[in-house]
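The primary structure of each chain is shown beneath.
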Amino acid sequence: MSSLKFLRMWECEHNGNLLTQDLDISNNFFNGSIPAEIGALLPSLGFLNMSKNHFNGSIPSSFGDMSSLSSLDLSNNQLSGGIPEHLAMGCSSLQVLALSNNKLQGKIFFENFNLTNLRELQLDGNNFSGRIPNF
């Protein structure tokens, strides 16, 4: 779908939420900020790959509203700021978190986090400080 110019989705769900479990929009030329309300728009998502694009700005805290999310790949973008505390607390099903090669900084995780199912953590190519806590 490298030549996709327009995507229209009609009648996906009556309350405005997209009912899908896996979404891969990696390796495109998408740019701009990730919508702040992404967690409310895709609450039942299990897999999300937005890597290898040109997204910038911060990681939306609403990712923390996606309690079924098991894999999140935001690597190879131009994201800045830190890892939102709400993501670290709300994504209790998260097994894979890939944030490599962005412009992220600050502490890796806050004191409070709930990533007990995390099996793979990719943070290289950023400017994080501190240590990775025991899970």
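Scroll up to find the structure this text is about.
Predicted, not measured: the structure shown is a model, and the values here were computed from it.

Reading guide: rules and limits
Residues numbered from 1 in each chain as written. Predicted model: local features only at pLDDT ≥ 70, side-chain atom pairs only at ≥ 80, totals over all residues. Heavy atoms only, no water. Core = buried A, V, L, I, M, F, W, Y, C linked by side-chain atoms within 4.5 Å. Buried < 20%, exposed > 50% of the residue type's maximum accessible area, 1.4 Å probe, protein only. Contact = heavy atoms within 4.5 Å. Pairing = 2+ DSSP bridges. Helix = DSSP H or I, 4+ residues; strand = E, 2+ residues; numbered from the N terminus. Axes fitted to C-alpha atoms, helices over the stretch in contact; angles between N-to-C directions.

**Student:** What is the right way to look at the nonpolar core in this model?
**Tutor:** Across soluble globular proteins, nonpolar side chains have a tendency to be buried as a group. With 28 residues, the main nonpolar core has Leu-48, Phe-63, Leu-72, Leu-74 and Leu-94 as its most contacted residues. Among residues more than four places away in sequence, those in contact with Leu-72 are Leu-48, Phe-63, Leu-87, Leu-94, Val-96, Leu-97 and Ala-98.

**Student:** What should I look at first to understand the pairing of strand β4 (residues 54-57) in this one?
**Tutor:** It is a general feature of regular strands that their side chains alternate between the two faces of the sheet. In terms of strand pairing, strand β2 (residues 31-33) meets β4 through 3 bridges, oriented parallel. In the sheet register, Ser-33 faces β4, and the bridge partner there is Asn-56. Here β4 runs beside strand β6 (residues 78-81); their pairing, made up of 2 bridges, is parallel. Within β6, the position partnered with Gly-57 by the bridge is Leu-79.

**Student:** Could you clarify how one ought to interpret the sheet that holds strand β8 (residues 103-107) in this entry?
**Tutor:** Adjacent strands of a sheet form backbone hydrogen bonds with each other and so pair up, either parallel or antiparallel. Here 5 strands make up an open sheet; going across it, the order is β2-β4-β6-β8-β10 and the pairing parallel. Lying at the two open borders of the sheet, with one neighbouring strand each, are β2 and β10 (127-129). Averaged over all adjacent pairs, the angle separating strand axes in this sheet is 20 degrees, with direction ignored.

**Student:** I'm lost on unusual backbone geometry in this one. Help?
**Tutor:** Generally, phi is negative for residues other than glycine and the peptide bonds are trans, each holding for most cases. Positive phi is not limited to glycine here, since Lys-52 has a value of about 55 degrees. In this structure, Lys-52 sits in the loop between β3 (47-49) and β4. Given a relative accessible area of 46%, Lys-52 falls into the partly exposed group. Positive phi, normally seen in glycine, also occurs at Asn-101, with a value near 55 degrees. Position of Asn-101 among the secondary structure elements: in the loop between β7 (96-98) and β8. For Asn-101, a relative accessible area of 35% translates into the label partly exposed.

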